[in-house]
Amino acid sequence: MTSLIPPGCPTVLTEDDRTGTSVETLRRAFMDNLFFVQGRFPEVATKNDHYLALAYTVRDRLLLRWLNSAKTYRDQFSRTVCYLSAEFLLGPHLGNNLINLGLYDAVAEAMQQTGLDLNVLLDQEEEPGLGNGGLGRLAACYMDSLATLEIPAIGYGIRYEYGIFDQEIRDGWQVEITDKWLRYGNPWEIARPEITLPVKFGGSTYSYTDDQGRYRVVWQPHQMVQGIAYDTPILGYKVNTANLLRLWRAEAIESFDFQAFNTGDYYGAVNEKIASENITKVLYPNDEQLQGKELRLMQQYFLCSCALQDMIRLYLQCSSDLTRFHHKFTVQLNDTHPAISVAELMRLLVDEHLLPWDTAWDITRQTFAYTNHTLLPEALEKWPLPLFGSLLPRHLQIIYEINQRFLDQVRLAYPGDQERLARLSIIDESECRYVRMANLACVGSHAINGVAALHSELLKQTVLRDFYELTPEKFSNKTNGVTPRRWMVLSNPGLTRLISNHIGEDWIKHLDQLRRLEPLAEDAGFAAEWHAVKHKNKVRLAEYIQQRVGISVDPSSIFDILVKRIHEYKRQHLCVLNIITLYQRLKDHPNLDITPHTFIFGGKAAPGYYKAKLIIKLINSVAEVVNTDPTVADRLKVVFLPDYNVTCGQRVYPAADLSEQISTAGYEASGTGNMKFALNGALTIGTLDGANVEIREEVGAENFFLFGNTVEQLQEIWRNGYRPWEIANNNPMLKRVLDLISCGHFSHGDTELFRPIVEHLWQNDRYCLLADYQSYVDCQEQATRLYRDQKQWVKMSILNVARMGKFSSDRAIREYCEDIWRVQPVHVPLADTSYIAQ
Ligand code: HBZ
């Protein structure tokens, strides 16, 4: 290896300063960064200076692994997974990188020697909230597992200037505040201004036959922007592998500005610049809700075009034979948000690299695989044809061509079946015409998967049924998982220490090893320690609640927690109905001996989803009445934690006793919060929905609080004509609860405020809250009664954790690698440190 430092040149650095891991080296590197990067004397340095100096110290240690990973992959032309996702909900980097580097304790010590508290510095980090919820967080967990399993991978996404909004609660209502996460700089990314790629929009196309007799199409765009790469290393746990997360920012193309400027149109030029930069300005805060905004389609196409051009660029550095593109890259589409990739890869291969259509189509289909995350038919993305055609005229032509060839095959398979043809078509011809992105993704992929066993089955029976019947071999299930590094080791050090003391540390990489805890469920000493860890976590959360919302909660009460995006199908308001039921019982029988109960909620509502925002208002309104009523004091508390995000999740999961997973059966694709709770020792109260089904299978029915109708039972109920008003009229307590809300008891006498919620429950109740009400209330009572038997509860909690090994994202990623991606691990040696110093 050759050094970049000329021979004989005195070096300022020693190897240790940038790569060393002793406490003393870390301390010195930190002080060095404080001075030379932050430009501060220690006496005047702010908390943020300290945080940044430490972040750079850690980043140096990542870079060594990152550059060696890139070099190894390049030298070996390694097969690489590309995870395409409009969202990566990473959460704070610092703590996670310290865990994965194995440097947490050393850095804590180094900071202490400097008179600083690592926890304070960790709290300084503003989390990159580049996602809405489960789907974006799953992408982040998968990046962690890919690196840990030493799989070459690139995550491609969008570098939103403003991520998911910050939520404030004012007078019980959600208020959205812009998320200025980049305000103080982002030490984890490296801008790559030399990696810029052009992206076209609008305009028109023309065709001609070239001098070799080939039919060629040229796209003359109306607008052109450039994508600039911003790279973040994603380090695996105690391995040398650091993969690349490449996020794209949109910028105006300079030459365009100058053209306008030279013709005197200064404002036109500036407007053009603003319009270009708007593309990556903000994350759309809607989950499972369509908005159909042009800018959103621009974002999606921008991401896909940058990612695919980048892959082709990387490919051509090593080979000129694009017909083997799919041997080098396998691309996973995280839902349909990046599904336009199918048409874009065709365009790049056919129009720009002059491959024949059939060859290009073969490559395309072998390149892509598609993960579906929703069964809600109204959440399936579709774009009005006029909008699509005006923004992406060439892609619309390509989609027509793909569709025509596809429908020819369908006609052969199902002669005369016009209805099926219409359902399978990529173009929805009913009423206004639309491009159906799920159909495009299915046609253009070699593999299609759901995210939990039940979800994958229902996909085949409902939204993707025709595709399943046509090509059953493409379908499989890949049950979601979560990374135990962030969701146990980092967020629950107490539990991690306790587990590792008894079974060693292997479980962190091989989560099945948690099984070895099973015998300890009977061990009184272990159980006592287990209980102590949970209690300490609850005390911490209680302190946080006090500081954040000024409510005092009792850490020995049962912590019953529901955190997730607010949606009617997730049924946060079912939990509210139970709270009011409990409240009523206490009012009726003031001396009733109940288990002291703390209900904790958290979650954001899409800004345009009025009903979801009203549910937040309802929770806060009920909280206000309950928390100030002396008759129930100390026995019932309700808390809504504002601004639920990854950081908040890390505090909440370790402190939960009971995990609320109460969606209407058949609506939650998987859920991943359910896994995070159970891995931290909470017991689940839930329906047979999403991954709850598999969690219950693993932990054992006797360790899971099951309630509610099954998918089949609900189908039966609807078939027979669902009449929620009959249920309410026949259940006096339920009726009282609904009436109490209607009569303004929780709204200072306002009888209108919650009418949209209550009226919907009486009359329609699409998500069957009333059908599941009694079963839920009974199950809650059973769970809270059992909580009094702490011995039994702790035993169930230990068994839950011991049996949760399946839900590691490492297992999920291994399945993707074997069944879909056909990719092998590549070991990264840390041989090349010669350029750092001699
Ligand atoms: O994906 C969630 C599912 O609801 C959940 O059940 C599953 O566990 C998780 C991971 O597979 N879906 C989402 O989080 N969806 C979104 O966040 C979303 C974002 C933008 C959209 C649509 C959906 O336009």
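Conventions and cut-offs
- Residues numbered from 1 in each chain as written.
- Predicted model: local features only at pLDDT ≥ 70, side-chain atom pairs only at ≥ 80, totals over all residues.
- Heavy atoms only, no water.
- Helix = DSSP H or I, 4+ residues; strand = E, 2+ residues; numbered from the N terminus.
- Buried < 20%, exposed > 50% of the residue type's maximum accessible area, 1.4 Å probe, protein only.
- Areas by Shrake-Rupley, 256 points an atom, 1.4 Å probe, with all protein chains shown as cover.
- Pairing = 2+ DSSP bridges.
- Near = heavy atom within 4 Å.
- Polar contact = N/O pair within 3.5 Å; in protein donor to acceptor, adjacent residues only side chain to side chain.
- Nonpolar A, V, L, I, M, F, W, Y, C, P; charged D, E, K, R; others polar.
- Salt bridge = Lys/Arg side-chain N within 4 Å of Asp/Glu carboxyl O.
- Expected span 1.5 Å × (residues − 1).
- Bend = angle between axes of the 7 residues up to and from the residue.
- Disulfide = S-S within 2.5 Å.
- Domains from an automatic or database assignment.
- Contact = heavy atoms within 4.5 Å.
- Buried area = accessible area lost by both parts, 1.4 Å probe.
- Patch = residues over 30% accessible without salt bridge, like charges linked within 9 Å, V, L, I, M, F, W, Y side chains within 5 Å.
- UniProt positions renumbered as here; feature names shortened; annotations may be inferred.

Caption draft 1: A look at the overall build of the protein chain. Helix and strand content of the protein chain: 34 helices and 24 strands. C-alpha atoms of the protein chain, sized along the principal axes, occupy 90 × 80 × 60 Å. Across the 838 residues that make up the protein chain, the buried fraction comes to 61%. For the protein chain, the accessible area works out to roughly 32,200 Å², and carbon and sulfur atoms hold 51% of it.

Caption draft 2: The pairing of strand E4 (residues 153-158), seen in detail. With six of six residues buried, E4 lies mostly within the body of the structure. Where burial is concerned, the two faces of E4 agree: the one with Ala153, Gly155 and Gly157 and the one with Ile154, Tyr156 and Ile158 are both buried. The pairing of strand E1 (residues 80-84) with E4 spans four bridges and is classified as parallel. In the sheet register, Cys82 faces E4, and the bridge partner there is Ile154.

Caption draft 3: Local environment of the site of the ligand. Not every one of the 20 residues close to the ligand is listed here, only the nearest: Glu288, His373, Asn480, Glu668 and Gly671. Between the ligand and Gly134, the relevant distance is 3.3 Å, taken from an oxygen atom to a main-chain nitrogen or oxygen of the residue. In this structure, His373 approaches the ligand through a side-chain N or O atom, which is 2.6 Å from an oxygen atom. For the ligand, whose free accessible area comes to 520 Å², the fraction covered by protein is 92%. Here the shell around the ligand takes three residues from helix H7 (residues 134-148), the largest share from any one element. Its residues assigned to classes, the shell around the ligand shows five nonpolar, 10 polar and five charged.

Caption draft 4: Highlighting the pattern of salt bridges. Counting across every chain of the model gives 63 salt bridges. Arg811 is the partner of Glu815 in a salt bridge, and the nearest nitrogen-oxygen pair spans 3.3 Å. Note that Glu815 and Arg811 are positioned in helix H34 (residues 809-821) at a spacing of four residues, about one turn of the helix. If you follow the salt bridges from partner to partner, you end up with Asp417, Arg420, Arg423, Arg465, Asp466 and Glu469 in one network.

Caption draft 5: Geometry of helix H3 (residues 47-76). Between its first and last C-alpha, H3 extends 43 Å over 30 residues, near the 44 Å set by a 1.5 Å rise per residue. Helix geometry: H3 is bent most strongly at Leu62, by close to 25°. Of all 30 residues that make up H3, 22 are buried, and the element is covered over most of its length. At the C-terminal side of H3, Phe77 shows a positive phi close to 50°.

Caption draft 6: Examining the state of the cysteines more closely. In the structure shown here, the tally under the stated rule is zero disulfides. In this model Cys141 remains outside any disulfide bridge; the closest cysteine sulfur is found in Cys817, 15 Å from its own. The exposure class assigned to Cys141 is buried, which follows from its relative accessible area of 1%.

Caption draft 7: Quick peek at the sheet that holds strand E15 (residues 427-428). Across the sheet, three strands lie side by side as E14-E16-E15; this open sheet has antiparallel pairing. Lying at the two open borders of the sheet, with one neighbouring strand each, are strand E14 (382-384) and E15. Two elements, E15 and strand E16 (residues 434-436), share two bridges in a ladder whose sense is antiparallel. Residue pairing across strands places Ile427 opposite Val435, the latter belonging to E16.

Caption draft 8: Broad picture of the domain arrangement of the protein chain. Along its sequence, the protein chain is organised into domain 1 (80-92 + 127-478) and domain 2 (493-819). Spacing between the C-alpha centres of domain 1 and domain 2 amounts to 35 Å. The partner domain 2 presents 52 residues to the 49 residues of domain 1 that form the contact. Here domain 1 and domain 2 share an interface that buries about 4,100 Å² over both sides, 59% of which is from carbon and sulfur atoms. Interface area lost by domain 1 to domain 2 is led by Gln167, Trp173 and Lys478, which between them contribute 16%. A salt bridge links Lys238 to Glu505; its shortest N-O distance comes to 3.8 Å. Applying the counting rule to domain 1 against domain 2 returns 21 residue pairs in polar contact (both at pLDDT 80 or more). The set of elements that each furnish at least two residues to the side of domain 1 that touches domain 2 consists of H7, strand E5 (166-170), strand E6 (173-177) and helix H18 (453-461).

Caption draft 9: Structural detail: unusual backbone geometry. Its identity as a non-glycine residue notwithstanding, Phe77 has a phi of 50°, on the positive side. By secondary structure assignment, the location of Phe77 is in the loop between H3 and E1. You can call Phe77 partly exposed: its relative accessible area is 31%. Phi is positive for His748, close to 50°, though the residue is something other than glycine. Residue classification places His748 among the exposed positions, given a relative accessible area of 72%.

Caption draft 10: Examining the sheet that holds strand E24 (residues 705-706) more closely. Across the sheet, which stays open at both edges, the six strands sit in the order E21-E20-E19-E22-E23-E24 with parallel pairing between neighbours. Looking along the sheet, the strands with just one partner apiece sit at the ends: strand E21 (636-641) and E24. As paired strands, strand E20 (residues 597-602) and E21 are joined by six bridges and run parallel to one another. Residue pairing across strands places His597 opposite Leu636, the latter belonging to E21.

Caption draft 11: Layout of the environment of Ile363. Topologically, Ile363 is positioned in helix H13 (residues 357-367). We classify Ile363 as buried; its relative accessible area is 2%. Considering only alpha carbons, one finds Ile363 and Gln300, 63 residues apart in sequence, at a separation of 21 Å. In this structure, Ile363 is in contact with Leu322, Thr323, Phe325, His326, Leu349 and Leu355, ignoring residues within four places of it in sequence.

Caption draft 12: Quick peek at the pairing of strand E17 (residues 447-450). In E17, alternate side chains face the same way, and those of Ala447 and Asn449 on one face and Ile448 and Gly450 on the other are all buried. Pairing analysis gives three bridges linking strand E13 (residues 368-371) to E17, with the strands arranged parallel. Residue pairing across strands places Ala369 opposite Ala447, the latter belonging to E17.

Caption draft 13: Inspection of helix H21 (residues 493-503) at higher detail. Taken as a whole, H21 has its buried residues at Leu495, Thr496, Leu498, Ile499, Ser500 and Ile503. Contacts from the buried residues of H21 go to helix H20 (484-490), helix H22 (524-549), helix H26 (673-679) and helix H33 (790-802). Following H21 by one or two positions, Gly504 has its phi on the positive side, about 80°.

Caption draft 14: Representation of the side chain of Arg420 within the structure. Relative to the assigned elements, Arg420 resides in helix H16 (residues 418-424). Within the structure, Arg420 has its side chain in polar contact with the side chain of Glu469 (distance 2.7 Å). The residues touching Arg420, leaving out its near neighbours within four places in the chain, are Tyr414, Asp466 and Glu469.

Caption draft 15: How the structure looks around a nonpolar patch on the surface. A surface patch of nonpolar side chains, about 540 Å² in accessible area, is lined by Phe35, Phe36, Val37, Phe41 and Val44. Looking at where Phe36 falls in the secondary structure, it is placed in helix H2 (residues 23-36). Here Phe36 falls in the exposed class, since its relative accessible area comes to 60%.

Caption draft 16: Structural detail: the UniProt feature "modified residue: N6-(pyridoxal phosphate)lysine" (unreviewed entry) in the protein chain. Under the local residue numbering, the UniProt record ascribes the feature "modified residue: N6-(pyridoxal phosphate)lysine" (unreviewed entry) to Lys676. Structurally, Lys676 is set in helix H26. Lys676 has contacts with Arg137, Val482, Trp487 and Tyr653, leaving out every residue within four places of it along the chain.

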